[in-house]
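Structural overview for review
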Amino acid sequence: TDGDDSAIVAVTGRNVRLARSPYVFRTVQIGGRGTLTRLPFNLLLDIGGPTPVQFRGDGVYAHAAEAQTVTLNGGGRIRDVAFSTRSPAVAAMAGDGRTARLDVNLGGGVLVGELRLDSQAAQLQMDLTSVELGSLAPDLRGRIPGRVALNGRGDDLSGAANLTLSDARSID
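In this text the structure is predicted, and so the values were computed from the model without any measurement. (Residues numbered from 1 in each chain as written. Predicted model: local features only at pLDDT ≥ 70, side-chain atom pairs only at ≥ 80, totals over all residues. Heavy atoms only, no water.)

The secondary structure content of the protein amounts to 0 helices and 13 strands. Helices and strands in the protein line up, N terminus first, as β-β-β-β-β-β-β-β-β-β-β-β-β. Seen through its principal axes, the protein has C-alpha atoms that stretch 55 × 40 × 35 Å. Burial statistics for the protein: of 172 residues in total, 27% are counted as buried. In the protein, of all internal contacts separated by at least 6 residues, the share reaching a separation of at least 24 is 30%. Only carbon and sulfur atoms are counted for the fraction: they give 54% of the accessible area of the protein, which is about 10,500 Å². For the protein, the distance from the average site of its 18 positive side-chain charges to the average site of its 18 negative ones is 6 Å. (Helix = DSSP H or I, 4+ residues; strand = E, 2+ residues; numbered from the N terminus. Buried < 20%, exposed > 50% of the residue type's maximum accessible area, 1.4 Å probe, protein only. Contact = heavy atoms within 4.5 Å. Areas by Shrake-Rupley, 256 points an atom, 1.4 Å probe, with all protein chains shown as cover. Lys, Arg positive; Asp, Glu negative; His and termini not counted. Charge placed at Lys NZ, Arg CZ, Asp CG, Glu CD.)

Now the structure itself:
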């Protein structure tokens, strides 16, 4: 198709469950209007399951040659922990490469992360600044600052984590 063709997206769903998934999309609404090369959209999600998520925001889907990119701005909750984008979250695909970048306010702190995947390797880096521990481990409370870096190639995964648990405790 030609990238200048018009595109209109209007999706609404309630209580949608994917096969063999413990998650239920209690509400999903996607609406957008643009071209096939640049399609701005709005997104509303309310997902129930082991890790409930709510999100309201907007984004842009872009397509050029073999590259596709989705950016998201907005916020919501993971369990009871609030989050909001500080800069657009990005998911990009080109050839066999995949990249995701995240820069969010999360549980009173900040999480900045990047994931890169291709047919040869994977890299993950996360920097946490005083993130609420319950946003990562539902039965724990406290704060967690630090850095995680992982690299993988084939069956080999290596990396380092330098994390501090501050005022860590169980909710029990």
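Glancing now at the pairing of strand β8 (residues 97-106). In terms of strand pairing, strand β6 (residues 81-85) meets β8 through 3 bridges, oriented antiparallel. Among the inter-strand pairings, Ser84 is bridged to a residue of β8, identified as Asn105. Both strand β7 (residues 89-94) and β8 contribute to a ladder of 5 bridges, which runs antiparallel. Within β8, the position partnered with Ala94 by the bridge is Gly97. Linkage of β7 to β8, two consecutive antiparallel strands, is achieved through a turn of 2 residues, within which Gly95 is found at a positive phi near 60°. In this structure, β8 lies alongside strand β9 (residues 109-117), joined through 9 bridges in antiparallel fashion. When the sheet's bridge partners are listed, Leu106 is paired in β9 with Gly109. (Pairing = 2+ DSSP bridges.)

As a further point, take the layout of surface pockets. Taken as a whole, the largest pocket holds about 430 Å³ of empty space. Taken together, 20 residues form the lining of the largest pocket, with Ile78, Phe83, Leu102, Val104 and Leu111 sitting closest to its centre. At the level of secondary structure, the elements contributing two or more residues to the lining of the largest pocket comprise β4 (53-64), β5 (67-78), β6, β8, β9 and β10 (122-132). A per-element tally of the lining of the largest pocket places β8 first, with 5 residues. Looking at side-chain class alone, the lining of the largest pocket contains 15 nonpolar, 3 polar and 2 charged residues. (1 Å grid on protein atoms, 1.4 Å probe; cavity = no way out; pocket = protein on both sides within 12 Å on 5 of 7 lines; lining within 4 Å. Points joined across faces, edges and corners; volume = space filled by probe spheres on them. Nonpolar A, V, L, I, M, F, W, Y, C, P; charged D, E, K, R; others polar.)

This paragraph deals with the packing of aromatic side chains. Summed over the entire model, instances satisfying the criterion amount to 1 aromatic pair. Between the aromatic rings of Phe55 and Phe83, the centroid separation amounts to 6.1 Å while the plane-to-plane angle is 10°, which identifies the pairing as stacked. Residue Phe55 is found in strand β4, and its partner Phe83 is found in strand β6; the two are separated by 28 residues along the sequence. On the accessibility criterion, Phe83 (14% relative accessible area) is buried. (Phe/Tyr/Trp six-rings, centres within 6.5 Å; stacked < 30°, edge-to-face > 60°.)

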